[in-house]
2 protein chains.
Amino acid sequence: MKLEKITTRRPAKKSPPSARSYDDACGAAHALDLIGERWALLVMRELMFGPKRFSDLRAGLPGISANVLTQRLERLEEIGALSRRKLPPPAASHVYELTPWGHEIEPVLGVLGRWAARSPLHDPTLPLSAASLMLSFKTMFDAKRAKGFKARVGFRIGEESFLVRIGDGECDAARGACDDAEVVFAGAATAIAAAVYGGVPLKALEAQGALTVEGDRARAERFTSLFPLPPKM
Amino acid sequence: MKLEKITTRRPAKKSPPSARSYDDACGAAHALDLIGERWALLVMRELMFGPKRFSDLRAGLPGISANVLTQRLERLEEIGALSRRKLPPPAASHVYELTPWGHEIEPVLGVLGRWAARSPLHDPTLPLSAASLMLSFKTMFDAKRAKGFKARVGFRIGEESFLVRIGDGECDAARGACDDAEVVFAGAATAIAAAVYGGVPLKALEAQGALTVEGDRARAERFTSLFPLPPKM
DNA sequence: CCGGATCCCGGGCGATACTG
DNA sequence: CAGTATCGCCCGGGATCCGG
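Conventions used here
- Residues numbered from 1 in each chain as written.
- Chains lettered and ligands numbered in written order.
- Predicted model: local features only at pLDDT ≥ 70, side-chain atom pairs only at ≥ 80, totals over all residues.
- Heavy atoms only, no water.
- Domains from an automatic or database assignment.
- Contact = heavy atoms within 4.5 Å.
- Buried area = accessible area lost by both parts, 1.4 Å probe.
- Salt bridge = Lys/Arg side-chain N within 4 Å of Asp/Glu carboxyl O.
- Polar contact = N/O pair within 3.5 Å; in protein donor to acceptor, adjacent residues only side chain to side chain.
- Least-squares fit on C-alpha atoms with pLDDT ≥ 70 in both.
- Disulfide = S-S within 2.5 Å.
- Near = heavy atom within 4 Å.
- Axes fitted to C-alpha atoms, helices over the stretch in contact; angles between N-to-C directions.
- Helix = DSSP H or I, 4+ residues; strand = E, 2+ residues; numbered from the N terminus.
- Parallel < 35°, antiparallel > 145°, perpendicular 65-115°, else oblique.
- Nonpolar A, V, L, I, M, F, W, Y, C, P; charged D, E, K, R; others polar.
- Pairing = 2+ DSSP bridges.
- 1 Å grid on protein atoms, 1.4 Å probe; cavity = no way out; pocket = protein on both sides within 12 Å on 5 of 7 lines; lining within 4 Å.
- Points joined across faces, edges and corners; volume = space filled by probe spheres on them.

Under an unreviewed UniProt entry, chain A has the name Transcriptional regulator and belongs to Methylocystis hirsuta.

Set out below in structure tokens:
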């Protein structure tokens, strides 16, 4: 029996509440101080292929609320991971762009993604942003499977278009026109992921209208085989 | 003027509150669903060199509270990143140990640490756990600087001891006896970090009693030069 | 309509006290 | 020593509001 809960109210306000830091010299701990808050790393992911506006970011991050996105952008700017620019006159709008250092977060996305892909809980059928899909190509590319293969593959996903260049055991992806691509995929990112990672035949996806493939069909088929998922743990 | 705020109280309880998931097929997003909660990755860091008990973990994670540590351990076990074992009879205690898949988180700690070390906000003089220090050696090792150098370097930090083996452009660290080491550092992790990363001379640290160096002094000096910090961004 | 700002609310997280 | 219980704060989610 509690006798007389003596709430001597001393909320203990130290110096500051130390602003929620790990106070740890370990580099990984400091990284979490910088970008460990919810959504922060995913905001950077969305910016990996170039600047975006506030609403473009929201579109690629279903579930984030406007206030949280605002806070994350402020924090990322404050630490020097991104910069906020004003667009030239007619568009009275802002864009957010990673700094060179901010862009160096890419390997983190790669190793995190490869690690998590081995989890039995990973569900590759969930929605996917265009930036995530392009990053996954760079991450999961298997040079051995691409032996002797050289291609420029275009992607049209919503308003965005990307060009993936494969050759010499390398795989690079960048935002850009598909004009000089030998084959172009057009459709939702999820549909393309179904072809590449889910093993769904291109013809099936085209039949249901989820995807269109224009150009060199053989290259398209070959392309879908270059990104093996790691074995489940 | 607000007329009659019609609080039609519908707290909107969807199906579940969906348990705070990103619902994103991106591998990195799923990784954050798994280990994105506060402290989770640092708990794994403390276990990188072998099993530990509850209080050992608390010691290496100053600031974590018992209930949060309990929750993180439960979650990490649930996802298959660690296992909880009961120690043989006399010690009626538990230890926590990473699974092989859990141990594969190491590259994440490496790339995160390298990235954050370039931040101007990084303060290498903060406290540091022994596990963090050993990981930093594996992360920051510069093979070129170690050309032609071969050594077994022991560390005694509190109750723990580690052996770092350097040779053939490789640097490996493991928990273990220092018996066959050519040189042994004994002291707090922070003092050793001051020598290796802060450029503080060994003699100075020994003079103030922060550190002792036994054995091959030349190897000790050379060792401290092998781990250059990356340039600030 | 875009790019946020403001408010409310619930739950994650931190601190402390307590228990086997 | 190894957790469990409790409580309060503040972060994060959702809706609404507002200036250009």
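So, next bit.
## Side note on the domain arrangement of chain A
All names here are of chain A. Along its sequence, chain A is carved into domain 1 (27–104) and domain 2 (108–223). On a C-alpha basis, the centres of domain 1 and domain 2 stand 24 Å from each other. In this assembly, nine residues from domain 1 lie in contact with 14 residues from domain 2. When the two sides are added together, the surface that domain 1 and domain 2 hide from each other amounts to roughly 960 Å², 70% of it contributed by carbon and sulfur. Sorting the residues of domain 1 by area buried against domain 2 places Leu41, Arg45 and Phe49 first, and these three jointly supply 64% of that buried surface. Taken together, the connections running from domain 1 to domain 2 amount to one salt bridge. The salt bridge involving Lys52 is made with Glu160; its shortest N-O contact spans 3.9 Å. Summed over the shared surface of domain 1 and domain 2, the number is four residue pairs in polar contact (both at pLDDT 80 or more).

## Here we look at the relation of the copies chain B and chain A
Least-squares fitting of chain B to chain A yields an RMSD of 0.0 Å, with the transformation described by 0.0 Å of translation along the axis and a rotation of 180 degrees. The operation mapping one copy onto its partner corresponds to a two-fold rotation axis. Minimal C-alpha separation from the rotation axis in chain B is found for Val108 of chain B, amounting to 3.2 Å. A symmetric contact is evident, with 100% of the interface residues of chain B recurring at the interface of chain A.

## Some remarks on the state of the cysteines
Summed over all chains, the structure comprises zero disulfides over all chains. Counting only cysteine sulfurs, Cys178 of chain A is the nearest neighbor of Cys171 of chain A, a cysteine outside any disulfide, at a range of 15 Å.

## Looking at the protein's contact with DNA strand C
Around DNA strand C, the surrounding shell holds 18 residues, and the nearest of these are Ser55 and Tyr96 of chain A together with Arg38, Asn67 and Arg72 of chain B. Counting only the atoms of DNA strand C within 4 Å of the protein, the fraction contributed by sugar and phosphate is 72%. Within the side chain of Arg84 of chain A, a nitrogen or oxygen atom sits 2.8 Å from a phosphate oxygen of DNA strand C. Tyr96 of chain A places a side-chain nitrogen or oxygen 2.5 Å from a phosphate oxygen of DNA strand C.

## Regarding the packing of helix H6 (residues 106–117) of chain B against helix H7 (residues 130–140) of chain B
All names here are of chain B. Between H6 and H7, the least distance of the axes is 10 Å, while the angle of their chain directions is 80 degrees. Regarding the angle of H6 to H7, the classification is roughly perpendicular. Listed contacts from H7 to Glu106, Leu109, Gly110, Gly113, Arg114 and Ala117 of H6 are Leu135, Lys138, Thr139 and Met140. Of the residues belonging to the contact of H6 with H7, the class tally is four nonpolar, three polar and three charged.

## So, the packing of helix H6 (residues 106–117) of chain A against H6 of chain B
In contact at an axis separation of 9 Å, H6 of chain A and H6 of chain B are set at 170 degrees when each is read in the N-to-C sense. Considered as vectors, H6 of chain A and H6 of chain B are oriented roughly antiparallel to each other. Residues Pro107, Val108, Val111 and Leu112 of chain A of H6 of chain A pack against Pro107, Val108, Val111 and Leu112 of chain B of H6 of chain B. In the contact of H6 of chain A with H6 of chain B, the residues fall into eight nonpolar, no polar and no charged.

## Some remarks on the interface of chain B and chain A
Each partner contributes residues to the interface: chain B has 47 residues there, and chain A has 48 residues. Of the roughly 4500 Å² buried between chain B and chain A, counting both surfaces, carbon and sulfur atoms make up 69%. On the chain B side of the contact with chain A, Tyr22, Trp101 and Trp115 of chain B bury the most area, a combined 19% of that side's loss. Among the ionic pairs, Asp24 of chain B bridges to Arg45 of chain A, the shortest N-O distance being 3.1 Å. Applying the counting rule to chain B against chain A returns twelve residue pairs in polar contact (both at pLDDT 80 or more). Looking at the side of chain B that touches chain A, the elements with two or more residues in it are helix H1 (27–35), helix H2 (40–46), helix H5 (100–103) and H6 of chain B.

## Overview of the sheet that holds strand S4 (residues 160–167) of chain A
Residues and elements named next belong to chain A. The strand order across the open sheet formed by five strands is S5-S4-S3-S6-S7, and the pairing between neighbours is mixed. Each edge of the open sheet carries a strand with a single partner, namely strand S5 (170–175) and strand S7 (211–215). Direction aside, the axes of adjacent strands within the sheet are offset by 20 degrees on average.

## Remarks on the layout of surface pockets
What the largest pocket holds in volume is close to 1300 Å³. Taken together, 48 residues make up the lining of the largest pocket; nearest its centre are Gly36, Glu37 and Arg38 of chain A together with Gly36 and Arg38 of chain B. At the level of secondary structure, the elements contributing two or more residues to the lining of the largest pocket comprise helix H1 (27–35), helix H2 (40–46) and H6 of chain A together with H1, helix H4 (66–78) and H6 of chain B. Classifying every residue of the lining of the largest pocket gives 22 nonpolar, nine polar and 17 charged.

## Let's talk about the pairing of strand S4 (residues 160–167) of chain B
All names here are of chain B. With seven bridges connecting them, strand S3 (residues 151–157) and S4 associate as antiparallel partners. Bridge pairing in S4 places Phe155 opposite Phe162. Here S3 folds back onto S4 in antiparallel fashion, the turn holding two residues, of which Gly158 has a positive phi close to 60 degrees. In this structure, S4 lies alongside strand S5 (residues 170–175), joined through six bridges in antiparallel fashion. When the bridges of S5 are listed, Arg165 appears paired with Asp172. In textbook terms, the turn of a hairpin is the stretch between consecutive antiparallel strands, and for S4 and S5 this stretch comprises two residues, one of which, Asp168, has a positive phi near 55 degrees.

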